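# What the coordinates show
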Amino acid sequence: MENERIWTAALVVIGDEILSGRTQDKNIAQLATWLNVQGIRLAEVRVVADRTEAIVEAVNTLRARNDYLFTTGGIGPTHDDITVDSIAEAMGLGVVHHPEAMATLERYYETRGGLTEARARMARVPEGACLIPNRVSGAPGIRIANVFIMAGVPHITAGMLDALTGTLEGGRPVVSRSIGCWVGESEVADVLRETEKAHEGVAIGSYPFFREGRTGANFVVRAPDADQVDRCIADLRARLEATGRTVVADGI
């Protein structure tokens, strides 16, 4: 278990509307949750504007240091949807209309006004790419090497992730359990650090809050092995109770 392979992924969220605050991103949480089930850890997230140079830099940096890279946003039918072109540029590839994507879009828009030139933009892919099925709105996602190009609309992204379920190589899903205390996290920082150090392969996250006029914190223990998590939770609970704190199972 000491040398267990940890698979990682990164996410590039693309869109001026995210950076301006007009749209709140929901894909980070759903991708992180989905990846965990696949035994893959979301290691980093970057939000970039609709600028080719920004997308190229982020894609080349993150795909090189992670097993997988996901992007969301910028694959629609309008002129400012530049994700496909930018990723193709990052990988030194041309852009082509994928014949299967064209056929899918032709069927989808047959009763919706037909496949216009703008709609056909959604069939453009980096040369050599394969498709990720989209059962929600017709326009598919795209896979090229270790890069997965997905929609920005969360429910469409969810459908694409569903299509990918079980197809990526990963490790064991991370197991997590929580406990909570009405305590300032700085008051128990040493306890958290010493407990984590005593349990190799386990990570302890501290999440403070202010509620009901009081300061509290939830402590989340994560590891690939359920027994590891249980042992660490029991140890952490005992250490916190030894300082006179009352511990709440599963968090507050």
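These remarks concern the structure in this document. All values reported here derive from a predicted model rather than from experimental measurement. (Residues numbered from 1 in each chain as written. Predicted model: local features only at pLDDT ≥ 70, side-chain atom pairs only at ≥ 80, totals over all residues. Heavy atoms only, no water.)

The next point concerns the overall build of the protein. When helices and strands are counted, the protein shows 9 helices and 12 strands. Burial analysis of the protein (252 residues in total) assigns 44% to the buried set. Of the contacts made within the protein by residues no fewer than 6 positions apart, 68% connect residues no fewer than 24 positions apart. Within the protein, the 34 negative side-chain charges are centred at a point lying 3 Å from the centre of the 26 positive side-chain charges. (Helix = DSSP H or I, 4+ residues; strand = E, 2+ residues; numbered from the N terminus. Buried < 20%, exposed > 50% of the residue type's maximum accessible area, 1.4 Å probe, protein only. Contact = heavy atoms within 4.5 Å. Lys, Arg positive; Asp, Glu negative; His and termini not counted. Charge placed at Lys NZ, Arg CZ, Asp CG, Glu CD.)

One ladder, built from 7 bridges, connects strand β9 (residues 175-181) with strand β11 (residues 214-223); its direction is antiparallel. Note on β11: the bridge partner recorded for S178 is V220. (Pairing = 2+ DSSP bridges.)

Sheet strands line up and pair through hydrogen bonds in the backbone, either parallel or antiparallel. The 6 strands are arranged β2-β1-β3-β8-β7-β6 in an open sheet whose pairing can be described as mixed. If you trace the sheet from one side to the other, it starts and ends with β2 (40-48) and β6 (130-132), each paired once. Strand after strand, the sheet turns through a mean of 20° between neighbouring axes, direction not considered. Where strand β3 (residues 68-72) lies against strand β8 (residues 147-150), 4 bridges are found, and the strand directions are parallel. When the bridges of β8 are listed, T71 appears paired with I149. Packing of helix α7 (residues 154-164) onto the sheet brings it into contact with β3, β6, β7 (141-144) and β8, and relative to β8 it is tilted by some 145°. (Axes fitted to C-alpha atoms, helices over the stretch in contact; angles between N-to-C directions.)

We note that A145 has phi near 55°; this positive angle belongs to a residue other than glycine. Summarising the element assignment, A145 is placed in the loop between β7 and β8. If you check the backbone angles, E212 has positive phi at about 55° while not being a glycine. By the element assignment, E212 lies in the loop between β10 (203-211) and β11. Judged by its relative accessible area of 62%, E212 falls in the exposed class.

Take helix α4 (residues 83-90) next. When you tally the buried positions in α4, you get 6 out of 8 residues, the bulk of the element. Residues of α4 that are buried: T83, V84, S86, I87, A88 and A90. Residue G92 follows α4 closely and has a positive phi angle near 70°.

Further remarks concern a nonpolar patch on the surface. A surface patch of nonpolar side chains, amounting to about 280 Å² of accessible area, comprises L19, I28, V45 and V47. Summarising the element assignment, L19 is placed in helix α1 (residues 16-20). (Patch = residues over 30% accessible without salt bridge, like charges linked within 9 Å, V, L, I, M, F, W, Y side chains within 5 Å. Areas by Shrake-Rupley, 256 points an atom, 1.4 Å probe, with all protein chains shown as cover. Salt bridge = Lys/Arg side-chain N within 4 Å of Asp/Glu carboxyl O.)

On to the packing of helix α8 (residues 189-198) against helix α9 (residues 226-242). Taken N-terminus to C-terminus, the directions of α8 and α9 make an angle of 150°; their axes are 10 Å apart at the nearest point. By the angle between their axes, α8 is roughly antiparallel relative to α9. In this structure, α8 crosses over α9, and the sense of that crossing is right-handed. Packed against α8, whose contacting residues are V191, L192, E194, T195 and A198, the element α9 presents C232, D235, L236, R239 and L240 at the interface. The residue makeup of the contact of α8 with α9, split by class, is 6 nonpolar, 1 polar and 3 charged. (Parallel < 35°, antiparallel > 145°, perpendicular 65-115°, else oblique. Left-handed = near helix turned anticlockwise from the far one by under 90°. Nonpolar A, V, L, I, M, F, W, Y, C, P; charged D, E, K, R; others polar.)

The next thing to look at is the side chain of T195. Relative to the elements of secondary structure, T195 occurs in helix α8. A distance of 3.3 Å separates a polar atom in the side chain of T195 from a polar atom in the side chain of R239. Setting aside chain neighbours within four positions, we find T195 in contact with I204, C232, D235, L236 and R239. (Polar contact = N/O pair within 3.5 Å; in protein donor to acceptor, adjacent residues only side chain to side chain.)

Right, let's talk about the packing of helix α2 (residues 27-37) against α7 for a bit. Where α2 meets α7, the closest approach of the two axes is 10 Å, and the angle between their N-to-C directions is 15°. Taken together, the axis directions place α2 and α7 in an arrangement best described as roughly parallel. The two elements α2 and α7 meet at a crossing, and its hand is right-handed. Of the residues in α7, those touching α2 at N27, Q30, L31 and W34 are P154, T157, A158, L161, D162 and L164. Split by residue class, the contact of α2 with α7 holds 6 nonpolar, 3 polar and 1 charged.

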